[in-house]
Amino acid sequence: MPIHILALALTLAAPAAAHIALWDPAMYGWNASDPNQNDAVTPLYNLTFDEWWFHGYIDQPPAADTFMSLPAGGIYHGQVACNKAFTSYGDSATQEELYYACDTIGALHTSDAYGTASPTDVKGCALSIAYESDPQTVQPEDFAVVSTNASCPWFKDVDFAIPADIPACPADGCTCQFNWVHSDDSGSEQIYSLMYRCNVTGATATEAIPSSTVANKCDYPTDTSNCTVGPRQPFYWLQAERNNIFQGYYDPPYYNGAYGFMDGAQTDLFAASNASTSANSTNSANSTISTNTAAASDAGISLMISATVNVYVAVASAPISASASSVSSSMPSVSSVSFASASSPTVTSTGGSCKRRKRALDVDDQHVRRVSRRSRARRAEGDST
């Protein structure tokens, strides 16, 4: 057999082992007629935006009405592999029995020994979502990571826990993205990204996910002081255009605790907005209390002055009433002071702090009565003469 024919036969007999993809029929670039598809595993490095965005498949949407389903509060069960043939979408039962994401360690880009039950050098994969169905409209910054798997890619079957508080997608669905950046000690540096038409099922929440930001390097959960709280964007790194993170070639960003990602559902998507709402409510309440306290203090001062002055005026005038609708700690239990007549001042009080003021008013009242009696006596003397 000629050498080139032998080489072609070997290529068709075994799947090519390159890198890793998350295989789902809702993927942009899905080739339903090729059970041995492996072009989607090609890594992305130093490409123009049109080349790396949607992995170059933006004009190859999935079949109509085909969606990746993300159950709110549930688990998306996926398959990561270096070739579609190793998944349930292949056509070889023997190949589909593969336990790991590939039949060779090279495609996994890790220093872990092949077959290790608990790998330590894989850096995690992510699922992100954008609430926009049109591939020509959606932008890299529209995506928010909703789930990670810290042991991905290693085992072929991979689970992504979906947060319970994400809302339903628009009628035409959402766009989802698979993201992976491998360890810096295992091969050339690059990123992996694939797009899917997706939908959120069983959603009960209605609040939109806030705008996402790029995750800071930190040390979750040991030290979260520098961790980004709230929605985080996927990493767009080492491309010729539209990067959102600019670390050096041997300083790759990861979808794990080193950048604040928790393993599983990202349950802090609304944490920043909730904290802001709580802080605004507290500030508003404090502002209202301060305003009322100042007003009450002014009312208290005015009330005490009026209570002394108006008693004397009331001798020769109509009944006078003074009141304060709100009070501060300086006058915590006075609600009103009224004078039904010149001789009967009344203090309405619910606490002991007003008793001292009432006693002061009683003294003033006695003085008023004495003045009034002397005035009547003088008028009587004048009439008698």
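Residues numbered from 1 in each chain as written. Predicted model: local features only at pLDDT ≥ 70, side-chain atom pairs only at ≥ 80, totals over all residues. Heavy atoms only, no water.

Asks: Would you mind going over the pairing of strand β4 (residues 125-130) in detail, with residue names and values included?
Replies: Within β4, 6 of the 6 residues are buried, which leaves it mostly tucked inside the rest of the structure. Burial along β4 is two-sided: the residues Cys125, Leu127 and Ile129 and Ala126, Ser128 and Ala130 are all buried. Of the strand pairs in this sheet, β4 and strand β5 (residues 144-149) are connected by 5 bridges, and their pairing is antiparallel. Looking across to β5, one finds that alanine 126 is bridged to threonine 148. By the bridge criterion, 6 bridges tie β4 to strand β7 (residues 174-180) in an arrangement that is antiparallel. The residue bridging isoleucine 129 from the neighbouring strand is cysteine 176, located in β7. (Buried < 20%, exposed > 50% of the residue type's maximum accessible area, 1.4 Å probe, protein only. Helix = DSSP H or I, 4+ residues; strand = E, 2+ residues; numbered from the N terminus. Pairing = 2+ DSSP bridges.)

Asks: An account of the pattern of salt bridges is needed here, citing residue identities and associated values.
Replies: All told, the structure shown has 4 salt bridges when counted by the stated rule. The closest approach of N and O atoms between arginine 242 and glutamate 141, which form a salt bridge, is 3.3 Å. Of this pair, arginine 242 sits in the loop between β8 (192-201) and β9 (264-265) while glutamate 141 sits in the loop between β4 and β5, placing them 101 residues apart in sequence. A relative accessible area of 37% places glutamate 141 in the partly exposed class. Salt-bridge contacts for aspartate 268 lead to arginine 232; the nearest nitrogen and oxygen are separated by 3.0 Å. Here the residue aspartate 268 occupies a position in the loop between β9 and α4 (271-313), and arginine 232 occupies one in the loop between β8 and β9, the gap between them amounting to 36 residues. As far as burial versus exposure is concerned, aspartate 268 and arginine 232 are alike and both buried. (Salt bridge = Lys/Arg side-chain N within 4 Å of Asp/Glu carboxyl O.)

Asks: Tell me what's going on with the sheet that holds strand β6 (residues 157-161), and back it up with residues and numbers.
Replies: Pairing in this open sheet of 3 strands is antiparallel, and the strands run β1-β3-β6 from one edge to the other. Either end of the sheet is taken by a strand with one partner, and the two such strands are β1 (21-22) and β6.

Asks: Quick one: what's the story with the confidence of the model for the protein, residue by residue and with numbers?
Replies: Model confidence for the protein is summarised by a mean pLDDT of 79, while 66% of its residues fall at 70 or above. Low pLDDT, under 50, characterises residues 1-17; the predicted model gives this stretch 16 contacts beyond four residues in sequence or across chains. Scored below 50 in pLDDT, residues 299-361 makes 78 contacts in the model with residues more than four places away or belonging to other chains. (pLDDT = per-residue confidence, 0-100. Contact = heavy atoms within 4.5 Å.)

Asks: Pulling in residues and values, what's your account of the packing of aromatic side chains?
Replies: Per the stated rule, a full pass over the model turns up 22 aromatic pairs. Ring geometry for tryptophan 53 and phenylalanine 143: centres 6.0 Å apart, planes at 80 degrees, overall edge-to-face. With tryptophan 53 in the loop between α2 (49-52) and β2 (68-71) and phenylalanine 143 in the loop between β4 and β5, this pair connects stretches of sequence that are 90 residues apart. The same class applies to tryptophan 53 as to phenylalanine 143, namely buried. Taken together, a centroid distance of 5.8 Å and an interplanar angle of 25 degrees make the contact between tyrosine 100 and phenylalanine 155 stacked. In this pair, tyrosine 100 sits in the loop between α3 (93-96) and β4 while phenylalanine 155 sits in the loop between β5 and β6, placing the two residues 55 residues apart along the sequence. The side chain of lysine 123 reaches across the aromatic face of tyrosine 254, ending 5.1 Å from its centre. Cation over ring: arginine 242 sits above phenylalanine 49, and NZ or CZ is 4.5 Å from the ring centre. (Phe/Tyr/Trp six-rings, centres within 6.5 Å; stacked < 30°, edge-to-face > 60°. Lys NZ or Arg CZ within 6 Å of the ring centre and 35° of its normal.)

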